Amino acid sequence: MKKDRLIALTDAVLAIIMTILILELEKPETPSLQAFWELRNNFFAYFLSFFWLGSLWMALNTLWEKVERISSEVVWANLYLLFFVSFMPYATGLVSSHFENYTAQLFYGSVVIVSTIINWYLHKVLDKPNQDQVELLKETETYRKLLIPDILIKCVGFILALIIYPPIMMYSVLAAAAYIITLKTIKEKKK
């Protein structure tokens, strides 16, 4: 399989998932400021999920530009990633409707954490078929190092959501995103 077909599939699936997110967003009973304010958790969940998926898409596109070859292991890792990410609209709808519910938040957190771990793994398995691509190897290694604290922040959020306050899970995803954006911004300014 050529990488272009895998990229097209990934782009299409992520676009569909991001579109479905809006369909999970509750509508106010009456269009008033108070009614919209009451749905603030829904909008927060939508915002967080949309931009989390968007940042995943951006990272994957940056990666695919440098990839020369893919293997069946890369294809499977990518499919696993898409499988778990496809739960995002469902998980977002769940936390939107039950924002302070342990089960809803932990399900959302599980989807995000497992997807991030598989993303780390995808960046690892790309190295083998591209051993001669020094720039790609350097980039995948750097990105994997960046993802370790990201995963840790989300795991700490998962534990705190379990024992203290369920919405901490979503706030930890936001904190992890802020961490990634901050480091990428610093890296860009150094160039």
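If you're wondering where the values come from, they're calculated on a predicted model, not measured in any experiment.

(A) Highlighting the environment of glutamine 105. As for its position among the elements, glutamine 105 is in helix 6 (residues 102-125). A sequence separation of 53 residues divides glutamine 105 from phenylalanine 158, and the C-alpha atoms of the two residues are 8.3 Å apart. Once residues lying within four places of it in the same chain are set aside, the contact partners of glutamine 105 are Val95, Phe99, Pro166, Pro167, Met169 and Met170.

(B) Examining the packing of helix 3 (residues 40-66) against helix 8 (residues 168-190) more closely. One can describe the packing of helix 3 onto helix 8 by two numbers: an axis separation of 11 Å at closest approach and a directional angle of 40 degrees. When the axes of helix 3 and helix 8 are compared, the crossing they make is left-handed. For the pair helix 3 and helix 8, contact is made by Phe44, Ala45, Leu48, Trp52 and Ala59 and by Met170, Tyr171, Val173, Leu174 and Lys184, respectively.

(C) Geometry of helix 5 (residues 88-97). For helix 5, a buried count of seven out of ten residues is recorded, marking the element as mostly surrounded by other parts of the structure. Among the residues of helix 5, those classed as buried are Met88, Pro89, Ala91, Thr92, Gly93, Val95 and Ser96. Where helix 5 is buried, its residues meet helix 1 (3-23), helix 3, helix 4 (72-85), helix 6 and helix 8.

(D) Local environment of the nonpolar core. Residues Leu53, Trp64, Met88 and Tyr108 are the most contacted members of the largest nonpolar core, which totals 42 residues. Listing elements by their share of this core, those giving two or more residues are helix 1, helix 3, helix 4, helix 5, helix 6, helix 7 (134-163) and helix 8. The contacts of methionine 88, once residues within four sequence positions are left out, are Ile17, Leu21, Ser49, Trp52, Leu53, Tyr108, Val111 and Val112. Counting six residues, the second largest nonpolar core, distinct from the first, contains Tyr143, Leu146, Tyr179 and Ile180.

(E) Representation of the pattern of salt bridges in the model. Taken as a whole, this structure holds five salt bridges when the rule is applied. In this structure, glutamate 139 engages lysine 66 in a salt bridge whose closest nitrogen and oxygen atoms are separated by 3.0 Å. In this pair, glutamate 139 is assigned in helix 7 and lysine 66 in helix 3, connecting sequence segments 73 residues apart. A relative accessible area of 22% places lysine 66 in the partly exposed class.

(F) Examining a nonpolar patch on the surface more closely. On the surface, a cluster of nonpolar side chains totalling about 600 Å² of accessible area is made up of Ile159, Leu162, Ile163, Ile164, Tyr165 and Tyr171. Looking at which element gives the most residues to the nonpolar patch, the answer is helix 7, with three residues. Take isoleucine 164: it is sitting in the loop between helix 7 and helix 8. The class of isoleucine 164 is exposed, set by a relative accessible area of 53%.

(G) Main features of the side chain of asparagine 130. Relative to the helices and strands, asparagine 130 resides in the loop between helix 6 and helix 7. Among the polar contacts made by the side chain of asparagine 130, one reaches the main-chain amide nitrogen of glutamate 68 at a distance of 3.1 Å. From its side chain, asparagine 130 meets the backbone oxygen of arginine 69 in a polar contact 2.8 Å long. In this view, asparagine 130 contacts Val67, Glu68, Arg69, Leu136 and Leu137; residues no more than four positions away in its chain are not counted.

Cut-offs applied
- Residues numbered from 1 in each chain as written.
- Predicted model: local features only at pLDDT ≥ 70, side-chain atom pairs only at ≥ 80, totals over all residues.
- Heavy atoms only, no water.
- Helix = DSSP H or I, 4+ residues; strand = E, 2+ residues; numbered from the N terminus.
- Contact = heavy atoms within 4.5 Å.
- Axes fitted to C-alpha atoms, helices over the stretch in contact; angles between N-to-C directions.
- Left-handed = near helix turned anticlockwise from the far one by under 90°.
- Buried < 20%, exposed > 50% of the residue type's maximum accessible area, 1.4 Å probe, protein only.
- Core = buried A, V, L, I, M, F, W, Y, C linked by side-chain atoms within 4.5 Å.
- Salt bridge = Lys/Arg side-chain N within 4 Å of Asp/Glu carboxyl O.
- Patch = residues over 30% accessible without salt bridge, like charges linked within 9 Å, V, L, I, M, F, W, Y side chains within 5 Å.
- Areas by Shrake-Rupley, 256 points an atom, 1.4 Å probe, with all protein chains shown as cover.
- Polar contact = N/O pair within 3.5 Å; in protein donor to acceptor, adjacent residues only side chain to side chain.

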